[in-house]
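The residues making up each chain are set out below.
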Amino acid sequence: MNKRSSQQSTSGIVKGLGFAGLIPFLVPALLMIQGALSTKGFQSAALFGLYAPYVFVTYSAIILSFLCGALWGKNVSGENHQAVNVVLIFSNLIALSAWSCTLLIYIAPIMSIFAVALLLAGFLAVLICEREFERLNFQSDSDKKIAVSGYWKMRVQLTVIVSLLHAVVIYLMIQEL
């Protein structure tokens, strides 16, 4: 198998896993919408007996931490050491804030809204940081630029969808206050 077809195969797997990863965001969000539209209300939204907003927040925190770990892995192999150090610290702070969101949801309803907003900001911040890292490290390598551009398009699409779902959840939570 040549290098190009190997990249395309991996790209298909990455895309499949990336878009399949939207399902655990969609299901609780749809359950929350259904609950908000029904007479039972938003608070009735449950998935396997678990409160749907908490399922959404915990999955979001895990995926955000995963993205931070992937960013960490890319940067460890990077050449721009000063930028790498900033990204490594940044990815750790975002991962820790994602973890804190899993704790905030137990304090008060308003803190749950703050947790979802913080997770939303984390997804956007990781996307921006990843883009900056790619720009710094692949300015001259055209093969890597091509591979990165396909991945980047997918990352933007996924982040837009995830961000919209976070905004919907925030809206629903505010409506329940």
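Whatever comes next refers back to the structure up there.
Parameters and conventions
Residues numbered from 1 in each chain as written. Predicted model: local features only at pLDDT ≥ 70, side-chain atom pairs only at ≥ 80, totals over all residues. Heavy atoms only, no water. Helix = DSSP H or I, 4+ residues; strand = E, 2+ residues; numbered from the N terminus. Buried < 20%, exposed > 50% of the residue type's maximum accessible area, 1.4 Å probe, protein only. Contact = heavy atoms within 4.5 Å. Areas by Shrake-Rupley, 256 points an atom, 1.4 Å probe, with all protein chains shown as cover. Disulfide = S-S within 2.5 Å. Core = buried A, V, L, I, M, F, W, Y, C linked by side-chain atoms within 4.5 Å. Patch = residues over 30% accessible without salt bridge, like charges linked within 9 Å, V, L, I, M, F, W, Y side chains within 5 Å. Salt bridge = Lys/Arg side-chain N within 4 Å of Asp/Glu carboxyl O. Phe/Tyr/Trp six-rings, centres within 6.5 Å; stacked < 30°, edge-to-face > 60°. Axes fitted to C-alpha atoms, helices over the stretch in contact; angles between N-to-C directions. Parallel < 35°, antiparallel > 145°, perpendicular 65-115°, else oblique. Left-handed = near helix turned anticlockwise from the far one by under 90°. Nonpolar A, V, L, I, M, F, W, Y, C, P; charged D, E, K, R; others polar.

1. So, the overall build of the chain
Next up, step 1: In terms of helices and strands, the chain carries six helices and two strands.
Next up, step 2: If you list the helices and strands of the chain from N to C, you get α-α-β-β-α-α-α-α.
Next up, step 3: Within the chain, the proportion of its 177 residues that are buried is 38%.
Next up, step 4: Once local pairs closer than 6 in sequence are excluded, the contacts in the chain between residues at least 24 apart make up 71%.
Next up, step 5: Split by element, the accessible area of the chain, about 10,100 Å² in all, is 69% carbon and sulfur.

2. So, the state of the cysteines
Next up, step 1: In this structure the tally under the stated criterion is zero disulfides.
Next up, step 2: Not engaged in a disulfide, the cysteine Cys68 finds its nearest cysteine sulfur in Cys129; these two sulfurs lie 8.6 Å apart.
Next up, step 3: Residue classification places Cys129 among the buried positions, given a relative accessible area of 12%.

3. Re the nonpolar core
Next up, step 1: One finds Met32 and Phe56 to be the most contacted residues of the largest nonpolar core, which totals 37 residues.
Next up, step 2: Sorting the residues of this core by element identifies helix H2 (23-37), helix H3 (52-76), helix H4 (81-104), helix H5 (109-137) and helix H6 (142-176) as the ones contributing at least two each.
Next up, step 3: Looking at which element gives the most residues to this core, the answer is H3, with nine residues.
Next up, step 4: Setting aside anything within four residues of it in sequence, one finds Met32 in contact with Phe42, Ala45, Ala52, Pro53, Phe56, Val169 and Leu172.

4. Observations concerning a nonpolar patch on the surface
Next up, step 1: A contiguous nonpolar patch, built from Leu26, Leu30, Ile33, Leu37 and Val168 and spanning about 430 Å² of accessible area, is present on the exposed surface.
Next up, step 2: When residues in the nonpolar patch are grouped by element, the largest group, four residues, is from H2.
Next up, step 3: Structurally, Leu37 can be placed in helix H2.

5. A word on the pattern of salt bridges
Proximity of charged atoms lets side chains of opposite charge pair with each other.
Next up, step 1: Applying the stated rule across the entire model yields one salt bridge.
Next up, step 2: A salt bridge links Arg155 to Glu130, with the shortest nitrogen-to-oxygen separation between them at 2.9 Å. Remark: Glu130 occurs in helix H5 and Arg155 occurs in helix H6; sequence separation between them is 25 residues.
Next up, step 3: Owing to a relative accessible area of 4%, Arg155 belongs among the buried residues under this scheme.

6. Topic: the packing of aromatic side chains
Next up, step 1: In this structure the tally under the stated criterion is five aromatic pairs.
Next up, step 2: An angle of 70 degrees between the planes, with centres 4.8 Å apart, marks the rings of Phe25 and Tyr59 as edge-to-face. A residue pair is termed long-range when its members are at least 10 positions apart, and Phe25 in helix H2 and Tyr59 in helix H3 qualify at 34 residues. We note that Phe25, like Tyr59, is buried.
Next up, step 3: Relative to Tyr54, the ring of Tyr51 lies with its centre 4.8 Å away and its plane at 90 degrees, an arrangement referred to as edge-to-face.

7. Regarding unusual backbone geometry
Next up, step 1: Here the phi dihedral of Phe48 falls at roughly 55 degrees; this positive angle occurs in a residue that is not glycine.
Next up, step 2: Inspection of the secondary structure puts Phe48 in the loop between strand S1 (46-47) and strand S2 (50-51).

8. What about the packing of H2 against H3?
Next up, step 1: H3 packs onto H2 with a crossing angle of 160 degrees between their chain directions and a minimal axis gap of 9 Å. Considering their axes alone, H2 and H3 lie roughly antiparallel with respect to each other. Of the two possible hands of crossing, H2 and H3 adopt the one that is left-handed. Where H2 abuts H3, its residues Pro24, Phe25, Pro28, Ala29, Leu31 and Met32 lie against Ala52, Pro53, Val55, Phe56, Tyr59, Ser60 and Ile63.
Next up, step 2: Looking at the contact of H2 with H3 residue by residue, the classes come out as twelve nonpolar, one polar and no charged.

Remember, this is a structural readout, not a statement about activity or role.
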